[in-house]
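Each chain, letter by letter, is given below.
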Amino acid sequence: MPEKIKPQLKWDQLGERVYETGVSKGVLYPQVNGEYPKGVAWNGLTNVNESPSGAEATPLYADNIKYLNLMSAEDFGATVEAYTYPDEFAECNGEKSLAAGVQVGQQKRKAFGMSYQTKVGNDTDPDAGYKIHLVYGALAKPSEKSYGTVNDSPEAITFSWELTTTPVEVPGMKPTAIITIDSTKVDADELAALEEILYGKAATTGENPQQAVDARLPLPTELATIFTNQAAG
């Protein structure tokens with residue numbers, strides 16, 4: 001009987017059973033002249049369902065065989081659900097202010113970017129790290145809102161938007177509308193530098209007081225200068 005070969009690969013090793021969960025720290029960045037200069041916290045964010053599309057193969061045949069596959073362009077979309085949204089999202093939602101507290105719907109929708117975090121855990125540490133997701137060039141499609149009477153099982157209204165995106169330039173790569181940063185794999189100092197940009201910096205007092213710095217969404221060109229370590233592979 002032949003000797004049983006021991007495989008080189010090993011599965012489900014301690015600390016390698018990785019999973020991703022949750023959504024938190026949502027930030028909205030309204031677009032201004034192709035940039036995202038001021039971010040605001042998005043409270044009540046409950047779901048972000050990423051839904052890429054495209055990248056479909058179209059087979060071509062010649063000489064009675066499959067000659068090659070042509071791949072269609074890939075597109076990024078998402079569905080965002082929340083209990084509420086920041087005032088700055090009103091224009092992105094097709095609303096204009098007629099007067100204080102008076103919003104007019106069905107107006108031109110403003111493009112925006114957003115960021116949010118998801119948790120990364122494993123079998124030994126449920127808080128192993130997190131991923132920061134950056135979305136660029138998004139437009140929100142209007143969606144259904146359902147208002148119901150208050151009863152003995154009350155529920156808060158959930159808002160929902162379908163997002164379409166327009167990719168932005170990436171140095172040395174194809175344009176994209178989505179970038180993900182994994183805290184378990186990037187340099188800690190570089191990650192801290194990015195988070196200071198994404199979430200802003202509070203004013204300080206004392207001997208060396210500093211003014212507050214607005215949160216903003218950096219474009220991929222700037223990200224390339226923040227993360228200087230070479231990609232593996």
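For the structure itself, consult the block above.
Nothing here was measured: the structure is a model prediction, and the numbers come from that model.

Basis of the calculations
Residues numbered from 1 in each chain as written. Predicted model: local features only at pLDDT ≥ 70, side-chain atom pairs only at ≥ 80, totals over all residues. Heavy atoms only, no water. Core = buried A, V, L, I, M, F, W, Y, C linked by side-chain atoms within 4.5 Å. Buried < 20%, exposed > 50% of the residue type's maximum accessible area, 1.4 Å probe, protein only. Helix = DSSP H or I, 4+ residues; strand = E, 2+ residues; numbered from the N terminus. Contact = heavy atoms within 4.5 Å. Patch = residues over 30% accessible without salt bridge, like charges linked within 9 Å, V, L, I, M, F, W, Y side chains within 5 Å. Areas by Shrake-Rupley, 256 points an atom, 1.4 Å probe, with all protein chains shown as cover. Salt bridge = Lys/Arg side-chain N within 4 Å of Asp/Glu carboxyl O. Expected span 1.5 Å × (residues − 1). Arc of directions from axis to C-beta. Polar contact = N/O pair within 3.5 Å; in protein donor to acceptor, adjacent residues only side chain to side chain. Lys, Arg positive; Asp, Glu negative; His and termini not counted.

Novice: Mind showing me how you'd approach the nonpolar core here?
Specialist: Nonpolar side chains tend to gather and get buried jointly when the protein is soluble and globular. The biggest cluster of nonpolar side chains holds 21 residues, and the ones touching the most others in it are Trp42, Val80, Phe89, Phe112, Met114, Trp161 and Leu163. Elements with a contribution of two residues or more to this core: strand 2 (40-42), strand 3 (45-50), strand 8 (77-82), strand 11 (112-121), strand 12 (129-141) and strand 13 (159-165). Ignoring any residue separated from it by four or fewer positions in sequence, one finds Trp161 in contact with Trp42, Ala78, Thr79, Val80, Ala82, Tyr85, Phe89, Asn93, Ala140, Lys141 and Ser143. Residues Tyr29, Ile132, Leu194 and Phe227 belong to the second largest nonpolar core, which totals 17 residues.

Novice: Could you clarify how one ought to interpret a nonpolar patch on the surface in this entry?
Specialist: On the surface, Leu60, Tyr67, Leu68 and Leu70 cluster together into a nonpolar patch covering about 380 Å² of accessible area. Tallying contributions element by element places strand 6 (residues 65-71) first for the nonpolar patch, with three residues. Looking at the secondary structure, you find Leu60 in strand 5 (residues 57-62).

Novice: Would you mind showing me how to read helix 1 (residues 188-199) here?
Specialist: Since one α-helical turn is 3.6 residues long, residues separated by three or four positions face the same way. Taking 1.5 Å of rise per residue, 12 residues should cover 16 Å, and helix 1 covers 16 Å from first to last C-alpha, within 8% of that figure. What helix 1 keeps buried is the set Glu190, Leu191, Leu194, Glu195, Ile197 and Leu198. The buried residues of helix 1 all sit within an arc of 160 degrees when viewed along its axis, so they share a single face. When the buried face of helix 1 is taken as reference, the exposed residues oriented beyond 90 degrees from it are Ala188 and Asp189. Sitting at the head of helix 1, Asp187 places a side-chain oxygen 3.0 Å from the backbone nitrogen of Asp189.

Novice: Is there a simple way to explain the side chain of Asp182 in this structure?
Specialist: The residue Asp182 is located in strand 16 (residues 178-182) in this model. For the buried residue Asp182, which engages in no salt bridge, the nearest side chain bearing the opposite charge is Lys185, 4.2 Å off. A distance of 2.7 Å separates polar atoms of two side chains, one belonging to Asp182 and the other to Thr184. Residues contacting Asp182, with those up to four places away along its chain left out, are Tyr130 and Lys131.

Novice: I tried to follow unusual backbone geometry on my own but got confused; where do I start?
Specialist: Only a minority of non-glycine residues have a phi that is not negative, and only a minority of peptide bonds are not trans. The phi dihedral of Asp12 falls on the positive side, at around 55 degrees, and the residue is not glycine. Relative to the assigned elements, Asp12 resides in the segment before strand 1 (19-30). For Asp12, a relative accessible area of 55% puts it in the exposed group. Residues other than glycine seldom take positive phi values, yet Asn33 does so here, at roughly 55 degrees. With a relative accessible area of 79%, Asn33 lands in the exposed category.

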